[in-house]
Amino acid sequence: MAAPSLLNWRRVSSFTGPVPRARHGHRAVAIRELMIIFGGGNEGIADELHVYNTVTNQWFLPAVRGDIPPGCAAHGFVCDGTRILVFGGMVEYGRYSNELYELQASRWLWKKVKPQPPPSGLPPCPRLGHSFSLYGNKCYLFGGLANESEDSNNNVPRYLNDFYELELQHGSGVVGWSIPVTKGIVPSPRESHTAIIYCKKDSGSPKMYVFGGMCGARLDDLWQLDIETMSWSKPETKGTVPLPRSLHTASVIGNKMYIFGGWVPHKGENTETSSPHDCEWRCTSSFSYLNLDTAEWTTLVSDSQEDKKNLRPRPRAGHCAVAIGTRLYFWSGRDGYKKALNSQVCCKDLWYLDTEKPPAPSQVQLIKATTNSFHVKWDEVPTVEGYLLQLNTDLPYQAALSDSSAAPNMSGVRMEPHRHGSNSILPNSINDTVNSAKPEHTSMKGTSVKNKPDFKTTDSNAILHPSLASNASNHSSFMDMLKKNEVDETCALPATKISRVEVHATAMTFSKETPSNPVAMVKAGERQWCDVGIFKNNTALVNQFYLLPKGKQNILKVGNADVPDYSLLKKQDLVPGTGYRFRVAAINGCGIGPFSKISEFKTCIPGFPGAPSAVRISKNVEGIHLSWEPPTSPSGNILEYSAYLAIRTAQIQDNPSQLVFMRIYCGLKTSCTVTAGQLANAHIDYTSRPAIVFRISAKNEKGYGPATQVRWLQGNNKKAPLS
């Protein structure tokens, strides 16, 4: 987690859809990128289910059906895969619930479920402010507040410290309640506390941690329950324990439990000398975490820390918090109780905070190459604000003449969150290609070949064998079984209407000749990495890159600017027939994460044909039928096509990213049959979804052009290519 002074809170200021009214006592869970909110109260108890998509920045109200539960507040709310369970809560003033509902979020279908009562003892009584935590196939219910009076208008509170276990059925439904026999001292009765369950990576014993709550006075104690032995204990902690509080949130990311907000003693009150019932209480925006491995508290935002510039969420209680990836989202809650108005004041804002730098993205993948540009993509990284794309090349380029001006360091880059549109944040010359058309059931995902291959042949079935060859000047004719050819370019066009097929470009071009490069080759490690730009989405059209000032090894920070000023740097265009290495890193509020593995591609050489397009695969009695359309840019007459199949070899087992291809067709027709015998030798590629890999290229008078790579999806069957 970043140091307290480096926390970069983000307030989401622009979104679409029906925004739920402000409230407190609601609950939220996450299903992938969705934040799902239910219940809460403010001028009545809310009964709608609201969903916020953190990727599209959109609120929506799903069309729910089935046994729709009544509105409730301070209820239990947990998520198991795509089903959500709701237990208890306040349904109206003084009237609490002990009913259990299940929501199948995949269909937005509600169902009231009736668990079996415990073998001994009574089922949980109606309550609010309890904790309801999920681990494995069981939910754990602890504490809460009950009303001793049968008259809902005459509220007689009773704080609870009972403990129940609810066993779930797989997929849908529940088995029943049980009352585990626990060891040790049980925590004191309480409500509006938090409980989370954490299991160390190296230890198979999950622990439940209960913190704070209310029992006439706010509490600051921490309790631990070993789920396997059912033993309660009070762990000794280090660091500064957060102030006593209730109506706060606790969220687990990694090995840390983050505590935010809640009701705390008023500043200046001495809770040790005065009666806790006489204390004044206030909302807080303090923020701390407990390292669950070392039991050490760390304060990120103290209760006394002022926020005059409104750079973080204001004090609140009864809000919701949800973790999506390594990002924490906070929404609504109340910021105080106005005695004069006898009403709550609820917050209407949505905030998020990145708790650590993002992981490295996948390798950069090539969609299409031209003589002076690349269309590239990489897999999305959840909850990031942008991507830094860099390249280097063996081609010498002139450094910028001035070394006195440079763009700022991108660490902690601040970009306006959740604004979608042009992918080109910086620079303006790098165009957005995120909205380029994609065929039905077709993905542009694929692998990239880092090194230029040396093609070795046997008889009529040529085999493409990637090797460590790096000499870019020795090329000969592809006419005779691909002898001694190397990869020169990468280019592909998307296929259309291909069922269960992925099409993308490959890092291979078959050329008749390549002009000799008089420049001596230089190792990649000796070359500087140059910025292409920062992109909001995971795709880019690259035709230029930025030159570093002379003598600089990286972009340095200038002033206090949040966004790099690339206008201070010179640009250089890509050139034909040149190899470029790419890497990409994700950016969030904590800064730039680690870079991806390096991919290498070459720009096209003028005069060679483009890649075949519109590849289709269908089954027939002999095996499969493979067909394609001629290149849209043949650059002359097409003399022949070649199709290749990735085959199983011992080398692939040692290095799965280095595919070996066997030629299965050479001719003028734009189709061929792949026999069952050939498919029996096919390699199943698992770089993304399991698939058999084909490559198809065209040849004109000058030679072979780039190949289109097709991944024929195979489901999860490793042994049956035709499944």
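Computed from a prediction, not measured in an experiment: that's the story for all the values here.

About the thresholds
Residues numbered from 1 in each chain as written. Predicted model: local features only at pLDDT ≥ 70, side-chain atom pairs only at ≥ 80, totals over all residues. Heavy atoms only, no water. Helix = DSSP H or I, 4+ residues; strand = E, 2+ residues; numbered from the N terminus. Buried < 20%, exposed > 50% of the residue type's maximum accessible area, 1.4 Å probe, protein only. Contact = heavy atoms within 4.5 Å. Areas by Shrake-Rupley, 256 points an atom, 1.4 Å probe, with all protein chains shown as cover. Phe/Tyr/Trp six-rings, centres within 6.5 Å; stacked < 30°, edge-to-face > 60°. Pairing = 2+ DSSP bridges. Axes fitted to C-alpha atoms, helices over the stretch in contact; angles between N-to-C directions. Core = buried A, V, L, I, M, F, W, Y, C linked by side-chain atoms within 4.5 Å. Salt bridge = Lys/Arg side-chain N within 4 Å of Asp/Glu carboxyl O. Polar contact = N/O pair within 3.5 Å; in protein donor to acceptor, adjacent residues only side chain to side chain.

### Quick word on the overall build of the chain
Then step 1. Looking only at helices and strands, the chain has two helices and 50 strands in total.
Then step 2. Expressed as a percentage of its 723 residues, the buried residues of the chain come to 54%.
Then step 3. A separation threshold of at least 6 residues defines the contact pool for the chain, and within that pool the share at least 24 residues apart is 67%.
Then step 4. As displayed, the chain offers around 31,000 Å² of accessible surface, 50% of which is attributable to carbon and sulfur atoms.

### With respect to the packing of aromatic side chains
Then step 1. Counted according to the given criterion, the structure contains 30 aromatic pairs.
Then step 2. Note on Y329 and Y352: the rings are 5.4 Å apart at their centroids and 45 degrees apart in plane angle, and the pair reads as tilted. With Y329 in strand β26 (residues 327–331) and Y352 in strand β29 (residues 350–354), this pair connects stretches of sequence that are 23 residues apart. Note on accessibility: Y329 and Y352 belong to one class, buried.
Then step 3. Three or more aromatic residues joined by ring pairs make a cluster, and in this case those are W9, Y258, F260, F287, Y289 and F330.

### Quick look at the sheet that holds strand β20 (residues 256–260)
Then step 1. If you walk across this open sheet you meet the four strands as β19-β20-β23-β24, and the pairing is antiparallel. Single-partner strands in this sheet number two, and they are β19 (249–253) and β24 (296–301). The mean inter-strand angle of the sheet, taken between neighbouring strand axes irrespective of direction, is 25 degrees.
Then step 2. Judged from the five bridges that link them, strand β23 (residues 287–291) and β24 form a sheet pairing that is antiparallel. Opposite F287, over in β24, you have V301 as the bridge partner.

### Some words on the nonpolar core
Then step 1. Counting residues in each nonpolar core, the largest one holds 25 residues, and the members touching the most others are F374, V376, L389, V542 and F582.
Then step 2. Counting residues per element, the ones that place at least two in this core are β30 (365–369), β31 (374–377), β32 (386–393), β36 (530–535), β37 (539–542) and β40 (579–588).
Then step 3. The contacts of V542, once residues within four sequence positions are left out, are N372, S373, F374, V376, L389, L391, V532, L574 and F582.
Then step 4. Listed in part, the 24 residues of the second largest apolar core include L645, I647, M662 and Y665.

### Regarding the pattern of salt bridges
Then step 1. Tallied over the full model, the rule gives 20 salt bridges.
Then step 2. Between D226 and K207 there is a salt bridge whose closest N-O contact spans 3.7 Å. Of this pair, D226 sits in strand β17 (residues 218–226) while K207 sits in strand β16 (residues 207–214), placing them 19 residues apart in sequence.
Then step 3. Given the relative accessible area of 17%, K207 is considered buried.
Then step 4. E306 is the partner of K308 in a salt bridge, and the nearest nitrogen-oxygen pair spans 3.8 Å. With respect to class, K308 is no different from E306; both count as exposed.
Then step 5. It is possible to trace a salt-bridge network through shared partners that takes in D80, R83, E102 and K111.

### Observations regarding the environment of S285
Then step 1. Among the structural elements, S285 can be located in the loop between β22 (281–283) and β23.
Then step 2. Taking relative accessible area as the criterion, S285 reaches 9% and is therefore assigned buried.

### Examining the pairing of strand β49 (residues 691–700)
Working note: regular strand, side chains alternate between the two faces of the sheet.
Then step 1. Most of β49 sits out of view: ten of its ten residues are buried.
Then step 2. Burial along β49 is two-sided: A691, V693, R695, S697 and K699 and I692, F694, I696, A698 and N700, pointing in opposite directions, are all buried.
Then step 3. Bridge count for strand β45 (residues 640–646) against β49 is six bridges, and the pairing is antiparallel. Counted as the bridge partner of L645 is F694 from β49.
Then step 4. Summarising the sheet, strand β48 (residues 684–685) and β49 pair through two bridges and their orientation is antiparallel. Across the sheet, residue I684 finds its bridge partner in β49, namely I692.
Then step 5. Bridging between β49 and strand β50 (residues 703–713) involves nine bridges; their strand directions are antiparallel. Paired with I692 across the two strands is W712, which belongs to β50.
Then step 6. In this antiparallel pair of consecutive strands, β49 and β50, the connection spans two residues.

### A word on the side chain of H26
Then step 1. Note that H26 resides in the loop between β1 (9–11) and β2 (27–31).
Then step 2. Accessibility expressed as a relative area gives 1% for H26, which makes it buried.
Then step 3. In this structure the side chain of H26 is engaged in a polar contact, spanning 3.5 Å, whose partner is the backbone nitrogen of C320.

### Section: the sheet that holds β31
Then step 1. Within the open sheet, the three strands sit side by side as β30-β31-β37. Their pairing is antiparallel. Both outer strands of the open sheet, β30 and β37, are each paired with one neighbouring strand and no more. Neighbour to neighbour, the strand axes of the sheet diverge by 20 degrees on average, direction disregarded.
Then step 2. Sheet analysis places β31 next to β37, joined by four bridges and oriented antiparallel. Bridged to H375 within β37 is L541.

### A short note on unusual backbone geometry
Then step 1. Phi at L247 takes a positive value of approximately 60 degrees, unusual for a residue other than glycine.
Then step 2. Assignment of secondary structure puts L247 in the loop between β18 (231–233) and β19.
Then step 3. The class for L247 is partly exposed, based on a relative accessible area of 22%.
Then step 4. Positive phi, close to 50 degrees, is recorded for A614, a residue that is not glycine.
Then step 5. Turning to its location among the elements, A614 is positioned in strand β43 (residues 613–619).

### Description of the environment of N588
Then step 1. Of note, N588 is situated in strand β40.
Then step 2. A C-alpha to C-alpha distance of 5.1 Å links N588 and E385, two positions 203 residues apart in sequence.
Then step 3. There is a polar contact of 2.8 Å between the side chain of N588 and the backbone oxygen of E356.
Then step 4. Among the polar contacts listed, one links the side chain of N588 to the backbone nitrogen of C590, at a separation of 2.8 Å.

### Quick look at the environment of R95
Then step 1. Looking at the secondary structure, you find R95 in strand β9 (residues 95–104).
Then step 2. We classify R95 as partly exposed; its relative accessible area is 42%.
Then step 3. For R95 and N153, which are 58 residues apart along the polypeptide, the C-alpha to C-alpha distance reads 8.4 Å.
Then step 4. If we skip the residues at most four places from it in the chain, R95 touches G89, M90 and S152.

Fair warning: the whole summary comes from geometry, so function is off the table for now.
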